[in-house]
Amino acid sequence: MSDVTSLSFVRRDLLAERPAPVKTTGFIGLMRTRLFNSPTNILLTVVGALLLWFTIVPSVKFLMVDAVWTGQDRTACLPENAGFVVGACWPYIQAKLPQLIYGFYPEAERWRVNVTFLLSAVLLVPLLVPRLPAKGINASLFFVAFPVVAFFLLYGGGIKGFGLSWTAGLLQLFDESIIGAGQALLNLSKTSAIGPLLWSLGSLIMLVGTAISWLIFPLTWLSDHIQGTAQPVWIDFAVTAAIVSLVAFVLGGGVRAGGRALVTSVAVFIGIAVVIQLMGLDRGGLPVVSTNLWGGLLVTLVVSVTGIVTSLPIGIALALGRRSTIPLIRIFSITFIEFWRGVPLITVLFFATYMLPLFLPGNFSVDGLVRALIGIALFTGAYQAENVRGGLAAIPRGQSEAAAALGLSWWKTTSLIVLPQALRHVIPNLVNSFISLFKDTSLVSIVALFDLLGSLRASFSDPKWSTPSTAFTGFAFAGIIYFVFCFGMSRYSLFVEHRLNAHRRN
Amino acid sequence: MSTEARKPPPQIALKIRRILGGRAGWNGVAVQFAFAAILGWIGYEIISNARANLENQHIAAGFGFLRNNAGFDVNQTLISYSGSDTFLRVFVVGLLNTLVVSAVGIVFATVIGFIVALCRLSPNWLLSRVSEIYVEVIRNLPLLFQILFWYLAVLAALPNPRQSISLLGIAFISNRGLVIPSAIGERGLEPFLAMLAFGVVASLALHFHARRALFRQGRVIRIWPYVLGLLFGLPLATVLMFGLPLTFELPQLRGFNFAGGSRIIPEFVALTLALSTYTAAFIAEIVRAGILSVHKGQMEAGSSLGLSRGATLRLIVVPQAMRVIVPPLTNQYLNLTKNSSLAVAIGYPDLVSVFAGTSLSQTGQAIEIIAMTMGMYLLISLFTSAVMSVYGWRVNRGLGA
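The numbers attached to residues start from 1 for each chain and follow its sequence in the written order. The order in which chains are written sets their letters, starting at A; the order in which ligands are written sets their numbers, starting at 1. Local features are withheld for residues below a pLDDT of 70 in this predicted model, meaning they are given only at 70 or higher, and side-chain atom pairs are given and counted only at 80 or more; totals for whole chains, interfaces and linings count all residues. Heavy atoms from the whole structure form the basis of all side-chain values; hydrogens and water molecules are not counted.

### Things to note about the overall build of chain A
In step 1: Along chain A, the regular secondary structure elements total 22 helices and zero strands.
In step 2: Our radius of gyration looks at C-alpha atoms and nothing else; its globule reference is 2.2 Å times the residue count to the power 0.38. Its C-alpha radius of gyration of 32 Å places chain A more than 25% over the 23 Å reference for a compact globule of 506 residues.
In step 3: The principal-axis extent of the C-alpha atoms belonging to chain A is close to 120 × 90 × 55 Å.
In step 4: Burial status follows relative accessibility: with a 1.4 Å probe on protein chains alone, a residue under 20% of its type maximum counts as buried, one over 50% as exposed, and anything between as partly exposed. Residues counted as buried form 40% of the 506 residues belonging to chain A.
In step 5: Every residue pair with non-hydrogen atoms within 4.5 Å of one another is taken to be in contact. Considering only contacts in chain A between residues 6 or more positions apart, those separated by 24 or more positions represent 69%.
In step 6: Total accessible area on chain A is roughly 28500 Å²; 70% of this is exposed by carbon and sulfur atoms.
In step 7: Charge assignment: positive for Lys and Arg, negative for Asp and Glu; neither His nor the chain ends contribute. To locate a charge, the coordinates of NZ of Lys, CZ of Arg, CG of Asp or CD of Glu are taken. If the 34 positive side-chain charges of chain A are averaged to one point and the 21 negative ones to another, these points end up 9 Å apart. A run of H or I in DSSP becomes a helix once it reaches four residues, and a run of E becomes a strand once it reaches two; helices and strands are each numbered from the N terminus. Note on areas: these come from Shrake-Rupley sampling with a 1.4 Å probe, and a residue is covered only by the protein chains present in the view.

### Considering the packing of aromatic side chains
For any two aromatic rings, the description comes down to two numbers: the centre-to-centre distance and the angle of the planes.
In step 1: Two aromatic rings, drawn from Phe, Tyr or Trp (for Trp, its six-membered ring), form a pair once their centres lie within 6.5 Å of each other, and the interplanar angle then sorts them: stacked below 30 degrees, edge-to-face above 60, tilted otherwise. Applying the stated rule across the entire model yields 36 aromatic pairs over all chains.
In step 2: Ring geometry for Phe162(A) versus Trp166(A): centroids 5.3 Å apart, planes at 40°, classification tilted.
In step 3: The class of Phe162(A) is buried, set by a relative accessible area of 10%.
In step 4: On the accessibility criterion, Trp166(A) (46% relative accessible area) is partly exposed.
In step 5: Charges are assigned to positions over rings by a cutoff of 6 Å between ring centre and Lys NZ or Arg CZ, combined with an angular limit of 35 degrees from the ring normal. Above the plane of the ring of Tyr383(A) lies Arg341(A), whose end atom (NZ or CZ) is 5.5 Å from the centre.
In step 6: Taking the ring centre of Phe282(B) as reference, the NZ or CZ of Arg139(B) above it sits at 5.8 Å.

### Details of the environment of Gly71(B)
In step 1: Considering the arrangement of structural elements, one finds Gly71(B) in the loop between α2 (26-57) and α3 (87-121).
In step 2: C-alpha of Gly71(B) to C-alpha of Thr86(B): the two residues are 15 residues apart in sequence and 8.2 Å apart in space.

### Considering the pairing of strand β3 (residues 177-180) of chain B
Residue and element names in this part refer to chain B.
In step 1: Two elements, strand β2 (residues 171-174) and β3, share three bridges in a ladder whose sense is antiparallel. Bridge pairing in β3 places Ser-174 opposite Gly-177.
In step 2: We call two strands paired when DSSP finds no fewer than two bridges between them. From the end of β2 to the start of β3, which pair antiparallel, there are two residues.
In step 3: Two strands pair when backbone bridges link them, and β3 and strand β8 (residues 262-264) are joined in this way by three bridges, in the antiparallel orientation. Of the residues in β8, the one forming a bridge with Leu-178 is Ile-264.

### So, helix α15 (residues 327-342) of chain A
In step 1: Over its 16 residues, α15(A) extends 22 Å from the first C-alpha to the last, a length consistent with the 22 Å expected when each residue adds 1.5 Å.
In step 2: Within the span of α15(A), buried status applies to Pro327(A), Ile329(A), Ser333(A), Ile337(A), Trp340(A) and Gly342(A). In a helix, the anticipated span is given by 1.5 Å times the number of residues less one.

### Some words on helix α3 (residues 39-65) of chain A
In step 1: With 27 residues, α3(A) ought to run about 39 Å at 1.5 Å a step, and its terminal C-alpha atoms sit 36 Å apart, in line with that.
In step 2: When α3(A) is considered as a whole, its buried residues turn out to be Asn41(A), Thr45(A) and Gly48(A).
In step 3: Considering only its buried residues, α3(A) is in contact with α2 (26-35) of chain A together with α4 (125-139) of chain B.

### Quick look at the sheet that holds β2(B)
Sheet strands associate in pairs through backbone hydrogen bonding, adopting either a parallel or an antiparallel arrangement.
Residues and elements named next belong to chain B.
In step 1: In space, the four strands of this open sheet follow the order β1-β2-β3-β8, with antiparallel pairing throughout. Lying at the two open borders of the sheet, with one neighbouring strand each, are β1 (165-167) and β8. Each strand of the sheet is rotated relative to its neighbour by a mean of 20°, with strand direction disregarded.
In step 2: This element, helix α8 (residues 266-293), spans β3 and β8 of the sheet and lies at about 55° to β8. Axis lines are fitted through C-alpha atoms, for helices just across the contact stretch, and the angle between N-to-C directions can take any value from 0 to 180 degrees.

### Examining the nonpolar core
All names here are of chain A.
In step 1: By size, the foremost hydrophobic cluster in this structure holds 150 residues, and its most contacted members are Trp-294 and Leu-349.
In step 2: For Leu-349, the contacting residues outside a window of four places in its chain are Ala-372, Ile-376, Leu-443, Val-444 and Val-447.
In step 3: Listed in part, the 14 residues of the second largest apolar core include Leu-153, Val-233, Phe-237 and Leu-281. Residues enter a nonpolar core if they are buried and are Ala, Val, Leu, Ile, Met, Phe, Trp, Tyr or Cys, with the set joined through side-chain atoms within 4.5 Å.

### A closer look at the packing of helix α17 (residues 368-394) of chain A against helix α19 (residues 410-425) of chain A
All names here are of chain A.
In step 1: Orientation of α17 relative to α19, taken along the N-to-C sense of each, is 115°, at an axis distance of 8 Å. With respect to the hand of their crossing, α17 and α19 are arranged in right-handed fashion. Of the residues in α19, those touching α17 at Val-388, Gly-391, Leu-392 and Ala-394 are Val-418, Leu-419, Ala-422, Leu-423 and His-425.
In step 2: Think of it as three bins: nonpolar holds Ala, Val, Leu, Ile, Met, Phe, Trp, Tyr, Cys and Pro, charged holds Asp, Glu, Lys and Arg, and polar takes everything else, Gly as well. In the contact of α17 with α19, the residues fall into seven nonpolar, two polar and no charged. A clockwise turn of the near helix away from the far one marks a right-handed crossing, whereas an anticlockwise turn of less than a right angle marks a left-handed crossing.

If you want it as structure tokens, here you go:
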């Protein structure tokens with residue numbers, strides 16, 4: 001027994017404290033582990049510090065320390081008068097700020113631009129915060145209603161008719177073109193070697209054209225009568241509202257289930273009526289501000305928002321077309337996408353500015369801004385199509401097979417099952433495309449539109465403000481604006497990506 | 001009595017329907033007819049409108065204008081060109097200028113991009129932060145903004161040639177562009193180049209031979225002394241025999257400008273700077289993603305096999321990373337080539353600037369000129385994607401084997 005007790009050991013005194021482990025957190029830890037842990041790393045740290053020293057310090061000095069903050073014209077920013085090496089010339093930005101934001105938009109009408117900016121912010125912010133409800137209404141307001149309202153706000157002008165007259169006018173135009181083509185074929189058949197074939201084809205087209213003109217006759221008759229009345233817009237509006245609501249009611253399920261569709265339709269038309277009344281569209285609307293007066297940030301935002309809104313439907317249509325099994329549609333989509341993706345945007349803008357007017361009827365002139373918008377929409381649409389296609393490919397086949405097993409049609413399968421999932425997958429890619437679209441809008445300055453960069457460049461040539469630091473100041477200001485927008489969008493895309501990948505995190 | 005499986009019915013009608021109308025069957029055929037009719041109608045409208053508009057503007061359609069005299073000068077030409085040359089020659093001059101700025105830009109962009117990517121991956125915290133800032137700032141500013149910044153702000157702020165900044169006394173940079181020594185070929189140039197070419201071909205052949213021997217028979221052949229001799233020894237020997245291949249003419253300041261040397265126009269400098277720094281930021285991200293895509297275990301497995309760190313990187317990590325890097329990298333090269341068309345904003349005489357810009361405004365042949373310009377870019381990108389699909393096919397074959 002005593003052996004055991006003598007062998008057992010019980011410590012009676014405390015051990016001396018061990019030294020604390022080397023700190024690897026906090027600033028000291030960071031310095032120890034990631035900055036100065038080896039000779040190479042010390043050298044690299046010195047290189048990095050030198051790089052920062054030679055970029056950050058001069059920039060801060062230029063933007064803040066050496067800057068001139070007040071003044072009336074260039075004399076304030078000349079080194080002789082200031083008494084030191086002048087950095088940024090901020091009075092120049094103050095003087096040119098209206099031009100950089102609104103371009104030559106008339107001063108009395110600038111409130112319209114401000115209202116548009118405000119409206120877009122009010123609609124966009126709730127759309128971007130995932131926690132807020134009513135995303136569907138919000139999205140349709142932003143993507144459908146807002147562009148129309150913004151058009152009448154920024155451009156001005158009113159409407160002379162409504163849905164009925166527009167439909168009638170469009171159909172008439174289409175019919176005239178068909179009859180014209182038939183006539184041309186008939187004329188050609190008199191001289192051509194394959195005369196009879198052309199003659200029969202021409203006659204067939206003429207027949208179709210005449211049939212269409214008989215078909216649309218009630219519509220054109222009605223619209224002509226409405227145009228003759230005292231209040232054409234409101235009568236046309238009422239007729240259109242009644243017809244569309246009735247159609248929605250019937251298609252929505254009639255008496256049994258159509259109430260919801262009817263209520264939606266009526267609500268939409270009441271909204272439209274409020275907008276027409278508020279903006280006085282039936283009485284000629286706001287004074288017209290032609291687009292060659294627009295400029296600065298306004299044009300940049302108009303081009304990018306229009307590009308975003310129009311390119312997405314084009315992209316979805318092209319992506320679906322590219323995945324379709326119908327040969328002609330697939331071939332067309334592939335050719336279309338690869339064509340626009342293969343050429344630089346600037347040639348697309350040249351195409352839209354110089355070539356597009358030649359393709360339209362001679363009496364039909366298109367505004368310079370609209371031409372650029374068409375080019376950008378087609379170009380971005382092709383890129384969006386590839387993004388959307390990536391999302392469509394990521395949806396397992398079982399989803400559409402299950403929908404088919406439930407008896408859903410192709411349209412319902414696509415719009416209710418496949419597309420919502422696919423689009424959710426590719427939100428980050430879509431936002432990335434929007435960022436490059438936003439950056440690419442600067443190219444419109446090459447085709448004589450004064451966007452932010454174009455206005456900036458124009459302001460350099462003002463002799464009133466020509467100083468050695470004017471160019472640098474202007475670029476610093478525009479660069480900050482571009483950076484804030486693009487960086488904000490890219491951070492948002494990262495945030496959405498993070499949220500969507502919540503199930504993959506651990 | 002044998003029960004053979006019945007042959008499936010031929011279902012010819014079904015097959016025809018599938019070919020003509022896809023999975024939608026006869027509905028698909030109907031949709032195609034409607035679609036073709038709409039396309040035909042649009043095409044008819046475009047052609048008839050274009051014809052009428054051209055008639056109104058008294059412009060003769062066709063490519064005959066290409067043989068007319070251009071009558072304007074171009075301030076950077078790689079082939080001899082004067083104002084009395086044809087528009088076709090203008091097209092070639094512009095195309096060559098585009099290609100040269102793209103090639104130079106690609107080289108610089110790749111070098112800067114790889115350096116920035118390595119800095120971003122470096123264990124040094126400060127350096128990786130600095131390169132992150134570089135990538136974020138450059139990627140979030142429009143390219144046109146950067147081109148104009150370099151051209152209108154930085155290059156315009158440089159001193160005039162008399163006070164130009166000297167780079168080691170060899171090259172001089174001023175607001176009139178960059179002046180570098182020009183190389184003049186001497187008598188020894190031809191044998192030197194011939195020997196150099198021979199050396200390169202012979203070294204490649206040796207490399208293939210050594211690889212074959214290693215893979216087929218497991219023999220390791222040491223080839224580097226021979227390669228060194230072929231690549232440096234032979235050309236050196238020709239230099240000793242025939243004299244120097246090149247002499248450099250240094251630029252000298254005379255009066256208000258430089259004499260001698262060759263001048264690179266400021267537009268080229270600004271465009272190359274902007275294109276290469278912009279694309280480098282994208283390349284840096286691609287390279288970083290490629291290197292991070294190789295699993296950490298690969299490195300560990302390599303060292304557990306007893307390979308050195310360098311050998312593991314060279315033989316295991318880089319080949320796998322390259323497979324991820326190369327396709328988007330090519331895409332960036334293509335983007336750079338397409339972006340070089342922004343030259344038109346600062347007046348560098350590239351394809352868009354001299355052909356779709358000046359020639360278009362002189363002749364008014366919008367359709368032909370823009371079609372040719374777009375077609376050229378399309379050709380370049382189709383060619384690149386063809387090369388890339390061959391590459392992808394080879395990589396996949398390598399994976400399968």
